[in-house]
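So the chains spell out like this:
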Amino acid sequence: MDYLKDRIKYMDMDVDTKRAEYDCQSGYITLDEIPSWTEYSRSINRRQFSSAYRIDERLNGKVSIFSGDITTLEIDVIVNSASSSLVHASYNQINGAISRAAGPSFLAECLSLGVFQTGETKFTGGYKLPARYVIHTQGPNGENHGLLKKCYMDSLNLAKLKEWKTIAFPCISMGSCRYPRERAARIALKVTREFLEKNPNAMDRIQEDIRFPEKVKTHFIIISFSKQELRVIQEFTFVWIVMEFMEDRVKYMDMDLDKKRAIYLCKSSYTTLDDIPTWTEYSKNINRKQTSSDYRTDIRLNEKVSIFVGDITTLEIDAIVNSANTALIGSHPNRVDGSIHIAAGKSLLAECLTLDGCQTGEAKFTGGYKLPARYVIHTPV
């Protein structure tokens, strides 16, 4: 199929003629209909502020949160959360919906691009879509902070290179790729903020385009979420959010022991080192012993080791180790990392967010805050 002729045809088509070709018919959405982040945030009753980012109304005016069908957006470019082959099998997913709305020439151009790798970014024309272009990026299967961040950043840099003024993202790698929703949302917004801080004037102007002649305010980023994902954002209060965790860290470090014990989540059920037997003492209670030729018995070293069965968040020691995820954000409350975050309080999460994730096998540390332990070492497995 000669998709190039169709691509040129749709690029040169005036806006009224092209609108008659839209799959969504008259259901297209222009930028004027989507509130900026500043306008949207006024409808959020519950807010939480954090020192990770200062409030910047100029940047907030460039961001919108959109809950709806990304294929209806009449903007420069939308981002497709694609498969490695760029063939869009399921119309129930974002890539299938984009392919269906764009038409057969879109699929023909996708096939000409060949296979691409996770984290890589390519683009095609938008054809029958209201959007003029589509950026294709393959997000990671499962949780991979670095690759997901790369998908967003490479898409934004491509838009800057091509001088596209408006771009819309879906939440990449959610759904069938199983990236945890709230952590994916945090990465999307974090990368967006960081990009805008480095490129504050790249797209900040009123643009008049000969194919889309009406003047539109050039918000630069739209992030498209489903209603369920949008609820997650409201629940996790994703305004450019600031929390003064350093004050809390100093406060808990300087607090005398009796005062700190009064705020432990475990209350009086904390466990001191004196309550835990050493390996030498513990081994006396084991009836069936098996010795190994790999190590000789060393009483001096055995006195430095303990086996503890219980809640690690109750230990009143220097540091506990968190079996973390790569985003360093506590997951399920019934798991170790979730329990540690709950017991330590919200300032632990705020400090974790400033560490920019952690790769598998790496280790980073934070304060312990309301935990009996003074510090937490985080290491993803």
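Residues numbered from 1 in each chain as written. Predicted model: local features only at pLDDT ≥ 70, side-chain atom pairs only at ≥ 80, totals over all residues. Heavy atoms only, no water.

A short note on the overall build of the protein chain
Put simply, the rule is: Each helix is a run of DSSP H or I of at least 4 residues and each strand a run of E of at least 2, with the numbering of both proceeding from the N terminus. Using a 1.4 Å probe on the protein chains alone, a residue whose accessible area is under 20% of its type maximum counts as buried, one over 50% counts as exposed, and one in between counts as partly exposed. Using a 1.4 Å probe, the Shrake-Rupley method yields the accessible areas, and only the shown protein chains count as cover for residues.
A count of helices and strands for the protein chain gives 15 helices and 11 strands. Out of the 381 residues in the protein chain, the part that is buried amounts to 50%. Of the roughly 19500 Å² of accessible surface on the protein chain, a fraction of 50% belongs to carbon and sulfur atoms.

Things to note about the nonpolar core
Spelled out, the test is: Among buried residues, those of type Ala, Val, Leu, Ile, Met, Phe, Trp, Tyr and Cys that are joined through side-chain atoms within 4.5 Å constitute a nonpolar core. Any pair of residues with heavy atoms lying within 4.5 Å of one another is described as a contacting pair.
Core analysis: the biggest nonpolar cluster contains 31 residues, and Ile135, Leu148, Tyr152, Trp164, Ile167, Phe169 and Ile172 have the highest contact counts within it. At the level of elements, α3 (37-41), β1 (63-67), β2 (77-81), β4 (133-137), α7 (145-162), β5 (167-169) and α8 (181-198) are the ones that each hand at least two residues to this core. Residues contacting Ile172, with those up to four places away along its chain left out, are Val79, Ser81, Thr137, Gly139, Leu148, Cys151, Tyr152 and Ala184. By size, the runner-up hydrophobic cluster in this structure holds 22 residues, among which are Ile78, Ala102, Tyr127 and Val134.

Topic: helix α14 (residues 336-344)
Restricting attention to buried positions, one finds in α14 the residues Asp337, Gly338, Ile340, His341, Ala343 and Ala344. At the C-terminal side of α14, Gly345 shows a positive phi close to 95°.

Focus on the pattern of salt bridges
Side-chain pairs of opposite charge can arise whenever the charged atoms involved come near each other. This is how the line gets drawn: Salt bridges are identified by distance alone: a Lys or Arg side-chain nitrogen within 4 Å of an Asp or Glu carboxyl oxygen.
The final tally for this structure, using the stated rule, is 13 salt bridges. With a closest N to O distance of 2.6 Å, Glu194 and Lys190 form a salt bridge. On the criterion of helical spacing, the pair formed by Glu194 and Lys190 is a turn pair, its members being four residues apart in helix α8. When its relative accessible area of 19% is taken as the criterion, Glu194 is described as buried. For Arg193, the salt bridge identified is with Glu197, shortest N-O distance 2.9 Å. Taken as a pair, Arg193 and Glu197 lie in helix α8 at a separation of four residues, close to a single helical turn. Classification of Arg193 by relative accessible area gives buried; the value is 1%. Of the residues examined, Glu197 reaches a relative accessible area of 40% and is grouped as partly exposed. Salt bridges sharing common partners tie together Lys149, Lys190 and Glu194.

Purely geometric stuff here, so don't read any function into it on its own.
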